[in-house]
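Chains, contacts and geometry: an overview
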Amino acid sequence: MDKCVFCNKEEIITGFIYEDEKVMAFMDMDPINEGHVLIVTKEHYLDIDEIPDDILAHLIIILKKIVSVLKEIYNPDGYSIMQNGGKFNDIGHFHLHIFPRYEDDGFGWTYSDNCKDVNAEIAKKIRDRIS
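Residues numbered from 1 in each chain as written. Predicted model: local features only at pLDDT ≥ 70, side-chain atom pairs only at ≥ 80, totals over all residues. Heavy atoms only, no water.

Right, let's talk about the environment of His 36 for a bit. As for its position among the elements, His 36 is in the loop between β2 (23-27) and β3 (37-41). Taking relative accessible area as the criterion, His 36 reaches 2% and is therefore assigned buried. Residues His 36 and Gly 108, 72 residues apart in the sequence, show an inter-C-alpha distance of 15 Å. Apart from residues lying up to four places away in sequence, His 36 is in contact with Phe 26, Met 27, Asp 28, Asp 30, Pro 31, His 97, Ile 98, Phe 99 and Pro 100. At 2.9 Å, the side chain of His 36 and the backbone nitrogen of Ile 32 are in polar contact. (Helix = DSSP H or I, 4+ residues; strand = E, 2+ residues; numbered from the N terminus. Buried < 20%, exposed > 50% of the residue type's maximum accessible area, 1.4 Å probe, protein only. Contact = heavy atoms within 4.5 Å. Polar contact = N/O pair within 3.5 Å; in protein donor to acceptor, adjacent residues only side chain to side chain.)

Set out below in structure tokens:
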């Protein structure tokens, strides 16, 4: 994956905040709010279900530390953690967004007007496949 910016650390132009043998974290170049951080796996993975459990567990531990520091520095009303998978991952390399949130910061979800089913049959279908 020599074309992946996250696999080529020297192409990352923002400030690094953390790095070890499994993950690295750096400032988002187009932040939603000040303190917007990306945390990525060092090895190339597209989706979370491809990541070995030990690397994913380590990433979550570092994520927890980053959230704690962001809360200390920015005193936000809350925070968001986001990840887009598959073709919605615009980089093509697994990454999580972590950023402080404030009331009236303008960030929000959008939904279509299409009706969506929420029922026990759907829950059972998913539940039965979790191992």
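Before going further, it helps to spend a moment on the pairing of β3. Most of β3 is tucked away: 5 of the 5 residues are buried. Burial along β3 is two-sided: the face carrying Val 37, Ile 39 and Thr 41 and the face carrying Leu 38 and Val 40 are both buried. Sheet topology places β2 next to β3; 5 bridges connect them, and they run antiparallel. Counterpart to Met 27 in the pairing with β3 is Val 37. In this sheet, strand β5 (residues 95-101) lies alongside β3 in antiparallel orientation, the contact comprising 4 bridges. Within the sheet, the bridge partner assigned to Val 40 lies in β5 and is His 95. (Pairing = 2+ DSSP bridges.)

Attention now moves to the packing of aromatic side chains. Summed over the entire model, instances satisfying the criterion amount to 4 aromatic pairs. Aromatic pair Phe 99 and Phe 107: ring centres 5.2 Å apart, planes at 80 degrees, arrangement edge-to-face. Judged by its relative accessible area of 0%, Phe 99 falls in the buried class. Consider the rings of Phe 107 and Trp 109, whose centres lie 6.1 Å apart with planes at 65 degrees: the pair is edge-to-face. Following the ring pairs from residue to residue traces out a cluster consisting of Phe 6, Phe 16 and Phe 26. Geometry around Phe 16 places Lys 9 over its ring, the cationic atom sitting 5.2 Å from the centre. (Phe/Tyr/Trp six-rings, centres within 6.5 Å; stacked < 30°, edge-to-face > 60°. Lys NZ or Arg CZ within 6 Å of the ring centre and 35° of its normal.)

Take the sheet that holds strand β1 (residues 16-19) next. With antiparallel pairing, the 5 strands of this open sheet are ordered in space as β1-β2-β3-β5-β4. In this open sheet, the two edge strands, each paired with only one partner strand, are β1 and β4 (78-82). Each strand of the sheet is rotated relative to its neighbour by a mean of 15 degrees, with strand direction disregarded. (Axes fitted to C-alpha atoms, helices over the stretch in contact; angles between N-to-C directions.)

Side chains of Ile 122, Ile 126 and Ile 130 sit close together on the surface and give an oily, nonpolar patch of about 290 Å² of accessible area. Along the chain, the position of Ile 122 falls in helix α2 (residues 120-127). The partly exposed category is assigned to Ile 122, whose relative accessible area is 34%. (Patch = residues over 30% accessible without salt bridge, like charges linked within 9 Å, V, L, I, M, F, W, Y side chains within 5 Å. Areas by Shrake-Rupley, 256 points an atom, 1.4 Å probe, with all protein chains shown as cover. Salt bridge = Lys/Arg side-chain N within 4 Å of Asp/Glu carboxyl O.)

Look at Asn 75: it is not a glycine, yet its phi comes out positive at around 45 degrees. Within the secondary structure, Asn 75 sits in the loop between α1 (53-74) and β4. Positive phi is not limited to glycine here, since Asp 104 has a value of about 65 degrees. With respect to the secondary-structure elements, Asp 104 resides in the loop between β5 and α2.

Keep in mind these numbers describe shape, not what the thing actually does.
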